Amino acid sequence: MKLSYFPGCSLGSTAKEYDKSARIACQALGVELVELKDWVCCGATSAHSTNHLLSIALPSRNVALAQEAGMDLAIPCSACYSRVKKADHVLRHDGELRKEIESIVDFKYNGKINVVSLLEALVSQVGVEAIAKKVQKPLKGLKVVCFYGCLLVRPPEVTNFDNTENPMSMDNIVKALGAETIQWSYKTDCCGANLGLTSTKVVQGMVNRLIEAAKEVEAMAIVTACPLCQSNLEMRRQERGTELPTFFFTELIGLALGLPDAKKWFNLHLINPNPLLQSLSLAD
Amino acid sequence: MSFIDADKRKFFNEVKEKSRQPIELCYQCQKCASGCIATGFADYYPNEIIRLVQLGQKERVLNSSSIWICSSCETCGARCPNGINTAEVMDALKEMAIAAGMVKEKNINLFHNTFLNSVRSHGRVHETSMMVIYKIKSGDLFSDMDVGLEMFRKGKLPLFPHRIKARGKIKDIFNKTAH
Ligand code: SF4
Ligand code: SF4
């Protein structure tokens with residue numbers, strides 16, 4: 001099946017490995033991602049913090065492009081997903097604002113395409129069982145906690161996928177890959193998001209709390225679906241050793257499916273996951 | 001809400017209208033605060049912000065750091081029994097603080113401006129130049145040098161921006177949404 005794909009700005013830079021693994025994992029699962037032509041930045045926190053109208057108009061441009069392409073829009077970055085999903089929600093439900101946005105962005109909204117997170121796309125379009133069937137190298141012995149972060153599940157009336165307080169979709173995929181997921185109560189906490197650059201201390205506090213909690217339940221790694229979470233979790237902790245790397249869920253899919261590129265992604269991490277994978281004979 | 005003072009009422013109404021949230025319904029159950037990990041680092045809890053808005057305390061609210069330290073994680077709104085999305089209130093308050101010239105966390109606002117300028121000129125953020133410009137303007141030059149260099153070595157901070165074709169269209173969107 002084919003989906004429009006909006007990688008977002010981070011996947012071209014700090015989260016390259018997410019982009020690469022997402023594209024290759026999807027291909028292996030029979031999902032063709034067609035990059036949205038000439039997509040624009042979603043505006044992220046900076047737009048919605050300073051100008052509400054801009055924060056809806058910018059991502060609406062991507063909705064317009066996806067509508068033109070005529071395929072549902074899959075988004076790997078949770079932050080981009082939340083902004084585009086919000087814009088789509090407004091366009092769908094707020095007639096007055098829709099008119100204003102249509103004139104600003106210069107398009108006519110038809111509501112025919114859906115905006116989905118890449119996680120949702122894989123769970124609902126491919127399915128956990130189909131993923132399990134494609135596994136070549138089960139991730140045996142790997143014990144992880146899944147970290148969904150803020151925006152995949154909130155606000156619930158907008159995202160409308162998986163449980164807000166105890167989401168399981170990523171856990172189910174990771175289990176299908178042969179790894180073990182441990183339950184913890186920090187799944188949907190915040191990693192500090194874009195405060196990393198401006199309020200480093202705050203984010204360090206948040207990240208250390210998450211790392212401590214993951215260690216407490218004896219996780220060997222954290223799994224995320226968001227470039228911001230991943231880089232905060234790897235960059236903003238007190239000490240950066242090799243312990244507790246943070247994987248993108250698509251990287252684990254690639255690894256378990258035996259896709260040869262996996263090694264290249266892991267070298268891009270700030271916290272090297274290779275020693276862990278080698279100790280479990282999951283990498284050479 | 002009943003107010004003894006017209007200015008206080010005006011502020012309350014403005015926040016309510018701008019945020020589109022039923023702020024008057026808050027009964028201080030503090031569910032929002034108990035799930036908020038950000039305001040542990042700032043001056044007010046989310047329920048306090050809502051209460052201060054109810055009481056029309058314009059100066060205190062617009063001058064607070066909480067509205068900026070809020071990471072927009074939306075935990076508060078998802079749990080509020082009265083359907084108040086406090087993150088939306090925080091956003092409305094930031095816009096109002098900017099308009100009133102009362103920005104408590106200057107660097108956070110500077111970051112937002114730098115980010116959006118990058119989007120305005122390229123259509124996408126160019127993270128490398130955005131970070132350099134932010135660092136120069138904020139005067140915080142040396143933190144993160146080590147990670148920055150490591151990312152650069154790994155090819156994660158490209159030197160040149162990716163410019164989209166429809167830049168005119170994007171400028172248009174910026175112009176039409178400008179206050
Ligand atoms: S959760 Fe809602 S009702 Fe309770 S204190 Fe917070 S804003 Fe008020
Ligand atoms: S959205 Fe802001 S106020 Fe609400 S819980 Fe998150 S950080 Fe706290």
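Quantities reported herein were computed from a predicted structural model and do not represent experimental measurements.

1. Observations concerning the overall build of chain A
Then, in step 1: The helix and strand inventory of chain A stands at 14 helices and eight strands.
Then, in step 2: Relative to the compact-globule value of 19 Å for 284 residues, chain A shows a C-alpha radius of gyration of 18 Å, a close match.
Then, in step 3: Here the C-alpha coordinates of chain A stretch approximately 55 × 45 × 30 Å along the principal axes.
Then, in step 4: Look at the contacts in chain A between residues 6 or more apart in sequence, and 74% of them connect residues 24 or more apart.
Then, in step 5: For chain A, the centre of its 30 positive side-chain charges and the centre of its 30 negative side-chain charges are spaced 3 Å apart.

2. Details of the site of ligand 2
Then, in step 1: Neighbouring residues of ligand 2: Cys36(B), Ala38(B), Pro46(B), Cys70(B), Ser71(B), Ser72(B), Cys73(B), Glu74(B), Thr75(B), Cys76(B), Ala87(B) and Met90(B).
Then, in step 2: Looking at side-chain class alone, the shell around ligand 2 contains eight nonpolar, three polar and one charged residues.

3. A look at the domain arrangement of chain B
Then, in step 1: Under the domain assignment used here, chain B contains domain 1 (6–100) and domain 2 (106–177).
Then, in step 2: Of note, the centres of domain 1 of chain B and domain 2 of chain B, computed from C-alpha atoms alone, are 29 Å apart.

4. Comments concerning the packing of aromatic side chains
Residue and element names in this part refer to chain A.
Then, in step 1: Overall, the coordinates contain nine aromatic pairs over all chains when judged by the stated rule.
Then, in step 2: Both rings, one in tyrosine 18 and one in phenylalanine 248, keep their centres 4.3 Å apart while their planes meet at 0°; by these two values the pair is stacked. Residue tyrosine 18 is located in helix H1 (residues 16–28), and its partner phenylalanine 248 is located in strand S8 (residues 246–248); the two are separated by 230 residues in the primary sequence. The exposure classification of tyrosine 18 matches that of phenylalanine 248, with both residues buried.
Then, in step 3: A centroid spacing of 5.6 Å and a plane angle of 40° characterise the contact between tryptophan 184 and tyrosine 186, whose relative ring orientation is tilted.
Then, in step 4: Residue class for tryptophan 184 comes out buried when judged on its relative accessible area of 9%.
Then, in step 5: According to the relative accessible area criterion, tyrosine 186 is partly exposed, its value standing at 24%.

5. Things to note about the site of ligand 1
Then, in step 1: Taken together, Cys26(B), Tyr27(B), Gln28(B), Cys29(B), Gln30(B), Lys31(B), Cys32(B), Asn47(B), Cys80(B), Pro81(B) and Asn82(B) make up the full set of residues near ligand 1.
Then, in step 2: Among the residues making up the shell around ligand 1, the classes are represented as six nonpolar, four polar and one charged.

6. Some points on the packing of helix H5 (residues 95–105) of chain A against helix H11 (residues 167–177) of chain B
Then, in step 1: Taken N-terminus to C-terminus, the directions of H5(A) and H11(B) make an angle of 140°; their axes are 9 Å apart at the nearest point. For the element pair H5(A) / H11(B), the angle class is oblique. From H5(A), Ser103(A), Ile104(A) and Val105(A) reach across to H11(B), where they touch Lys169(B), Ile173(B), Lys176(B) and Thr177(B).
Then, in step 2: For the contact of H5(A) with H11(B), the class distribution of residues is three nonpolar, two polar and two charged.

7. Details of the pairing of strand S2 (residues 32–35) of chain A
All names here are of chain A.
Then, in step 1: As paired strands, strand S1 (residues 2–5) and S2 are joined by four bridges and run parallel to one another. Residue pairing across strands places tyrosine 5 opposite glutamate 35, the latter belonging to S2.
Then, in step 2: The parallel pair S1 and S2, bridged by H1, forms a crossover whose chirality is right-handed.

8. What about the sheet that holds strand S3 (residues 73–75) of chain A?
Sheet strands pair by backbone hydrogen bonding; their relative direction is either parallel or antiparallel.
Residues and elements named next belong to chain A.
Then, in step 1: Pairing is parallel across the open sheet formed by four strands, whose spatial order is S2-S1-S3-S4. Either end of the sheet is taken by a strand with one partner, and the two such strands are S2 and strand S4 (115–117). Taken over all neighbouring pairs, the strand axes of this sheet differ in orientation by 40° on average, direction set aside.
Then, in step 2: In this structure, S3 lies alongside S4, joined through three bridges in parallel fashion.

9. Observations regarding H11(B)
Then, in step 1: Among all positions of H11(B), only Ile170(B), Ile173(B), Phe174(B) and Thr177(B) are buried. Mapping the buried residues of H11(B) onto a view down its axis gives an arc of 95°, with all of them on the same face.
Then, in step 2: As for H11(B), its buried residues are in contact with helix H3 (52–69) and H5 of chain A together with helix H8 (106–122) of chain B.

10. Examining the sheet that holds strand S7 (residues 221–224) of chain A
Residue and element names in this part refer to chain A.
Then, in step 1: Spatially, S6-S5-S7-S8 is the arrangement adopted by the four strands of the open sheet, whose pairing is parallel. A strand with exactly one partner marks an edge of an open sheet, and here the two such strands are strand S6 (180–181) and S8.
Then, in step 2: Alignment of strand S5 (residues 143–147) against S7, held across four bridges, turns out to be parallel. Bridge assignment links cysteine 146 to a residue of S7, and that residue is valine 223.

11. Describing the UniProt feature "domain: Cysteine-rich" (unreviewed entry) in chain A
Residue and element names in this part refer to chain A.
Then, in step 1: Those places that UniProt annotates as "domain: Cysteine-rich" (unreviewed entry) correspond, in this numbering, to residues 4–83 and 144–233.
Then, in step 2: Secondary structure content for residues 4–83 is 55% helix and 11% strand, while the C-alpha to C-alpha distance between its ends is 16 Å.
Then, in step 3: Between the first and last C-alpha atoms of residues 144–233 the distance is 14 Å; the span itself is 40% helix and 11% strand.

12. Notes on the environment of Glu129(A)
Residues and elements named next belong to chain A.
Then, in step 1: Tracing the chain through its elements places glutamate 129 in helix H7 (residues 128–133).
Then, in step 2: A relative accessible area of 66% means that glutamate 129 is categorised as exposed.
Then, in step 3: Counting along the chain gives 48 residues from glutamate 129 to leucine 177, while the straight-line C-alpha distance between them is 10.0 Å.

13. Section: the side chain of His269(A)
Then, in step 1: The residue His269(A) is located in the loop between helix H13 (262–266) and helix H14 (274–279) in this model.
Then, in step 2: Polar side-chain contacts of His269(A) include one of 3.4 Å to the backbone oxygen of Thr246(A).
Then, in step 3: Those residues in contact with His269(A) that lie beyond four places of it in its chain are Glu17(A), Gln230(A), Glu234(A), Thr246(A), Phe247(A), Glu251(A) and Lys154(B).

Reading the values: rules and limits
- Residues numbered from 1 in each chain as written.
- Chains lettered and ligands numbered in written order.
- Predicted model: local features only at pLDDT ≥ 70, side-chain atom pairs only at ≥ 80, totals over all residues.
- Heavy atoms only, no water.
- Helix = DSSP H or I, 4+ residues; strand = E, 2+ residues; numbered from the N terminus.
- Rg over C-alpha atoms; globule rule 2.2 N^0.38 Å.
- Contact = heavy atoms within 4.5 Å.
- Lys, Arg positive; Asp, Glu negative; His and termini not counted.
- Charge placed at Lys NZ, Arg CZ, Asp CG, Glu CD.
- Near = heavy atom within 4 Å.
- Nonpolar A, V, L, I, M, F, W, Y, C, P; charged D, E, K, R; others polar.
- Domains from an automatic or database assignment.
- Phe/Tyr/Trp six-rings, centres within 6.5 Å; stacked < 30°, edge-to-face > 60°.
- Buried < 20%, exposed > 50% of the residue type's maximum accessible area, 1.4 Å probe, protein only.
- Axes fitted to C-alpha atoms, helices over the stretch in contact; angles between N-to-C directions.
- Parallel < 35°, antiparallel > 145°, perpendicular 65-115°, else oblique.
- Pairing = 2+ DSSP bridges.
- Right-handed = clockwise from strand over helix to strand, strands pointing away.
- Arc of directions from axis to C-beta.
- UniProt positions renumbered as here; feature names shortened; annotations may be inferred.
- Polar contact = N/O pair within 3.5 Å; in protein donor to acceptor, adjacent residues only side chain to side chain.

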